[in-house]
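In case you want the letters, here they are:
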Amino acid sequence: QKEVEQDPGPLSVPEGAIVSLNCTYSNSAFQYFMWYRQYSRKGPELLMYTYSSGNKEDGRFTAQVDKSSKYISLFIRDSQPSDSATYLCAMSGNTNAGKSTFGDGTTLTVKP
Amino acid sequence: NAGVTQTPKFQVLKTGQSMTLQCAQDMNHNSMYWYRQDPGMGLRLIYYSASEGTTDKGEVPNGYNVSRLNKREFSLRLESAAPSQTSVYFCASSETLDSIAKETQYFGPGTRLLVL
């Protein structure tokens, strides 16, 4: 069983929809929870990160972490065609936080 | 400010051939990483270098070697390429290995490798 499982997708939504992207994990030592966005044929870029439990908001994006359920989510409000990309969740522990374990990614398409 | 650069962008090899993927960063980062990404899969860590002069194995190191040439450059070598090494390879760097709260991990644009 993988340490990090991500909803496989693909996901296709109309412009303006609220999008929910989700990952579950099994390693209780994970403390840092990251979301990366990867456009086609590009390298990933860090979108948001959260330390431990709670919510974090940045514009139209909200990251949620529920450590009790080992479940993390990324919500995108008022989705735009420019949000069309693959979203990767990643997690790491307190030590060697630069070494992350990644989910397989969810490909999102936002249709105009 | 170029960030993380990788060469080549695309390469075709025959089984058994060798090649070196080059990576350089201009952000004065201490830590550097090599990942591979296969279709429909996330990134898997091949090797990393916490600081200049050190290298360590990641999740999938077999068939690869690395060299941290200096603080800027971190190369990945395939001594005898196999079709199973067909993948997209990403180099990344970060300020330190610890505490992502202080830094972000920046990725290069990737090298697409096809082994026939």
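The structure contained in this document is the topic of the report that follows. Quick caveat, the model's predicted, so the values are computed rather than measured.

Attention now goes to the pattern of salt bridges. Here the structure, examined in full by the defined rule, presents seven salt bridges over all chains. Put simply, Glu45(A) and Arg37(A) hold a salt bridge, and the shortest N to O gap is 3.2 Å. On the basis of relative accessible area, Arg37(A) is assigned to the buried category, the value being 15%. One salt-bridge network, in which partners are shared between bridges, spans Arg36(B), Asp38(B) and Arg44(B).

Moving on: the packing of aromatic side chains. Evaluation of the coordinates by the stated rule reveals 10 aromatic pairs over all chains. When the ring of Tyr32(A) is compared with that of Tyr51(A), the centres are 4.8 Å apart and the planes differ by 50°; the resulting orientation is tilted. One end of the pair, Tyr32(A), is in strand E4 (residues 32–38); the other, Tyr51(A), is in strand E5 (residues 45–51), and 19 residues separate them in sequence. Taking the relative accessible area as the measure of exposure, Tyr32(A) reaches 7% and is therefore buried. Look at Tyr51(A) and you get partly exposed, because its relative accessible area is 42%. An angle of 65° between the planes, with centres 5.9 Å apart, marks the rings of Tyr64(B) and Tyr89(B) as edge-to-face. Of this pair, Tyr64(B) sits in strand E7 (residues 64–68) while Tyr89(B) is found in strand E9 (residues 87–94), placing the two residues 25 residues apart along the sequence. Since its relative accessible area comes to 0%, Tyr89(B) is described here as buried. An aromatic cluster of three or more residues is present, and its members are Tyr36(A), Phe102(A), Tyr33(B), Tyr35(B) and Phe107(B).

Parameters at a glance
- Residues numbered from 1 in each chain as written.
- Chains lettered and ligands numbered in written order.
- Predicted model: local features only at pLDDT ≥ 70, side-chain atom pairs only at ≥ 80, totals over all residues.
- Heavy atoms only, no water.
- Salt bridge = Lys/Arg side-chain N within 4 Å of Asp/Glu carboxyl O.
- Buried < 20%, exposed > 50% of the residue type's maximum accessible area, 1.4 Å probe, protein only.
- Phe/Tyr/Trp six-rings, centres within 6.5 Å; stacked < 30°, edge-to-face > 60°.
- Helix = DSSP H or I, 4+ residues; strand = E, 2+ residues; numbered from the N terminus.

Treat this as a map of the structure, not an account of what it does.
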